[in-house]
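Working through the structure, step by step
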Amino acid sequence: MRIGGAVGLLWALTAPAWGQAIKADPKAPADAYCKEVLVSLNRDLAARKPEAFLAASTFYETGQCVARNDARSLEFLAQAARTGSAQGVRRLARRFALGQGVPQSYSNAGAWLAGKGASNEALQPWDYSIGYAYAVLTEVLSSVRYPAGDLRGATDAAFVIEVDALRPRQINLKPTVDGADPKTELYAALAVAFNARAPEVVKALPSPDPKLLVNARVAMPVALRFKGGGAIDVLEDEPILR
């Protein structure tokens with residue numbers, strides 16, 4: 001069923017022509033590293049490698065070796081997503097969810113996550129709800145204030161956090177260790193930190209249309225690696241849509 005309003009047709013993205021080369025920033029001084037990297041990158045672009053499109057997108061987004069150009073970054077990101085880059089799909093979904101360089105659309109974000117972003121399938125409330133839940137989850141992950149005191153002495157932690165589109169202010173956290181978990185207090189502190197951040201994220205995000213929200217959940221497996229000086233590596237796995 002095709003429905004109107006905020007949900008309906010997938011918003012079209014312009015993709016770069018196959019094999020289109022990217023060139024060094026003419027205003028930047030000659031750089032042997034950039035020259036070598038771009039030669040290799042253009043070779044991989046001609047071979048239509050998903051990781052090459054993703055790298056090209058990152059270069060244009062950051063201005064590394066090339067003149068910064070958000071439109072070009074988005075074009076290559078779309079191609080990365082179309083050619084099977086899971087990271088490209090997640091980054092593109094987040095752009096739609098936040099309206100970064102594209103019209104803000106939870107339904108388009110959810111459609112890319114659900115695997116129909118490059119198709120002509122009609123968008124449904126489930127796509128919209130998945131996109132909204134994903135926006136909450138990723139923004140919470142990117143801005144959570146980790147409880148430094150509770151992390152002392154720990155080396156790692158592995159868990160899944162889940163957001164329900166109908167209850168976005170509540171973050172569910174489940175450890176993914178086998179057997180008895182010796183880090184009960186750590187995981188409890190992490191759950192508190194995530195749930196403290198969730199209401200702020202919900203308030204800051206574009207308000208969803210309650211008429212389009214249905215029972216839909218997004219879960220993200222996460223691994224933390226604690227390093228000296230309070231540094232933390234956050235490793236995210238593929239989102240699970242329910």
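All of these numbers come straight from a predicted model, not from anything done at the bench. (Residues numbered from 1 in each chain as written. Predicted model: local features only at pLDDT ≥ 70, side-chain atom pairs only at ≥ 80, totals over all residues. Heavy atoms only, no water.)

**A closer look at the state of the cysteines**
We apply this condition: For the purposes of this analysis, a disulfide is any pair of cysteine sulfur atoms at a distance within 2.5 Å. Numbered from the N terminus, helices here are DSSP runs of H or I no shorter than four residues, and strands are runs of E no shorter than two. Burial status follows relative accessibility: with a 1.4 Å probe on protein chains alone, a residue under 20% of its type maximum counts as buried, one over 50% as exposed, and anything between as partly exposed.
The tally for this structure, following the rule as stated, stands at one disulfide. Put simply, Cys34 and Cys65 are joined by a disulfide, and their sulfur atoms are 2.1 Å apart. With the S-S bond torsion at -75 degrees, the cross-link from Cys34 to Cys65 turns out left-handed. Linking Cys34 in helix α1 (residues 32-46) with Cys65 in the loop between α2 (50-62) and α3 (70-82), this pair joins segments that are 31 residues apart in sequence. The exposure class of Cys34 is buried, given its relative accessible area of 12%.

**Remarks on the nonpolar core**
Most often, soluble globular proteins keep nonpolar side chains buried together rather than apart. Put simply, the test is: By nonpolar core is meant a set of buried Ala, Val, Leu, Ile, Met, Phe, Trp, Tyr and Cys residues that side-chain atoms within 4.5 Å join together. Any two residues whose heavy atoms approach within 4.5 Å are treated as being in contact.
Within the largest apolar cluster, 66 residues are counted, with the highest numbers of intra-cluster contacts made by Ile22, Phe159, Ile161, Leu190 and Phe194. Counting residues per element, this core draws most heavily on helix α6 (residues 125-143), at 10 residues. Once residues lying within four places of it in the same chain are set aside, the contact partners of Phe159 are Leu173, Lys174, Pro175, Thr176, Tyr187, Leu190, Phe194, Met220, Pro221, Val222 and Leu224.

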